[in-house]
Amino acid sequence: LLQLVAIYTVVDWAGTSDVPPVLAAVNRHGLLTFVVANLLTGIVNLSINTLKVKDFAAIGILVVYVSAVGGVALLADRIQAFIARQRHEPQREKQS
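The structure displayed is predicted, hence computed values, not measured ones. For every chain, the first residue of its written sequence is number 1, and the numbers climb from 1 along that sequence. Totals for whole chains, interfaces and linings use all residues, but because this is a predicted model, local features are given only for residues with pLDDT of at least 70 and pairs of side-chain atoms are given and counted only at 80 or more. Based on all heavy atoms of the structure, the side-chain values leave hydrogens and waters out of the count.

Trainee: Quick question: what am I supposed to make of the overall build of the chain here?
Mentor: Helix and strand assignments come from DSSP, with helices taken as H or I runs of at least 4 residues and strands as E runs of at least 2, each series counted from the N terminus. The secondary structure content of the chain amounts to four helices and zero strands. The secondary structure elements of the chain, listed N-terminal to C-terminal, are α-α-α-α. Relative accessibility thresholds used throughout: buried, under 20% of the residue-type maximum; exposed, over 50%; partly exposed, between the two (1.4 Å probe, protein chains only). Of all 96 residues assigned to the chain, the portion counted as buried reaches 17%. Across the chain, every contact between residues at least 6 apart in sequence was considered, and the portion connecting residues at least 24 apart equals 71%. For the chain, the exposed area adds up to about 7,600 Å²; of that, 68% sits on carbon and sulfur atoms. Contacts are assigned to residue pairs with any non-hydrogen atoms lying within 4.5 Å of each other. Each accessible area value is a Shrake-Rupley result obtained with a 1.4 Å probe; residue values ignore everything except the protein chains displayed when judging cover.

Right, here's the structure in full:
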């Protein structure tokens, strides 16, 4: 999943904008990103003794955490784009 997100980010970002899609999605969906990040922080803190985790495992947790938060922001962006397309399609059919 992480590889797919990375590939999507690079392909979508190439030549279209100065801002990577993940950062743009986080910027557009700030409240959702904030809530998801806080929920994931709580889940990690309640389920793992973070003071006793080895370095390699901690890096793995951070990678999963950042990927999940970024993935939710990208998913929200795609859902918003899908809803916007659905709203405009009936208007095109009426004009035809």
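What follows picks up the thread again.
Trainee: Would you take a moment to explain helix α2 (residues 21-28) for this structure?
Mentor: The α-helix advances 3.6 residues per turn, and as a result positions three or four apart in sequence lie on the same side. For α2, the complete set of buried residues consists of P21, A24 and A25. Down the axis of α2, the smallest arc covering the buried residues is 100 degrees, so these residues share one side. For α2, exposure combined with an orientation more than 90 degrees from the buried face picks out L23 and N27. Relevant arc is that of directions from the helix axis to the C-beta atoms, nothing else.

Trainee: Would you mind going over the side chain of T33 with me for this structure?
Mentor: Within the secondary structure, T33 is located in helix α3 (residues 30-47). Whenever a nitrogen or oxygen atom comes within 3.5 Å of another N or O atom, the pair is scored as a polar contact, on the condition that within protein one atom can donate a hydrogen and the other can accept it, and that pairs from neighbouring residues in sequence are kept only if both atoms are in side chains. In this structure the side chain of T33 is engaged in a polar contact, spanning 2.8 Å, whose partner is the backbone oxygen of H29. Beyond its immediate stretch of four places on either side in the chain, T33 contacts V26, V69 and A73.

Trainee: Where do I start with the environment of I48 in this structure?
Mentor: Within the fold, I48 resides in the loop between α3 and α4 (55-95). Between the C-alpha atom of I48 and that of I61, which follows or precedes it by 13 residues, the distance is 10.0 Å. Beyond its immediate sequence surroundings of up to four residues, I48 is in contact with V53 and I61.

Trainee: Would you explain the environment of L74 in this entry?
Mentor: Relative to the helices and strands, L74 resides in helix α4. Among the residues examined, L74 registers a relative accessible area of 10% and is labelled buried. Remark: the alpha-carbon pair of L74 and R28, spanning 46 residues in sequence, is separated by 9.8 Å.

Trainee: I would appreciate a short explanation of α3 in the present structure.
Mentor: End to end, α3 covers 26 Å across 18 residues, agreeing with the expected 26 Å (1.5 Å per residue, within 8%). Inspection of α3 places T33, V36, A37 and V44 among the buried residues, and these make up the whole buried set. Looking straight down α3, one finds that the buried residues subtend no more than 100 degrees of arc, so they occupy a single side. Facing away from the buried side of α3 by more than 90 degrees, the exposed set consists of L31, F34, L39 and L46. Multiplying 1.5 Å by the residue count of a helix minus one yields the expected span of that helix.

Trainee: Where do I start with a nonpolar patch on the surface in this structure?
Mentor: On the surface, L31, F34, V35 and L39 cluster together into a nonpolar patch covering about 430 Å² of accessible area. Its place among the elements puts L31 in helix α3. Surface patches are defined over residues having more than 30% relative accessible area and no salt bridge, joining like charges when they lie within 9 Å and nonpolar side chains (Val, Leu, Ile, Met, Phe, Trp, Tyr) when within 5 Å. A pairing counts as a salt bridge when a side-chain nitrogen of Lys or Arg comes within 4 Å of a carboxyl oxygen of Asp or Glu.

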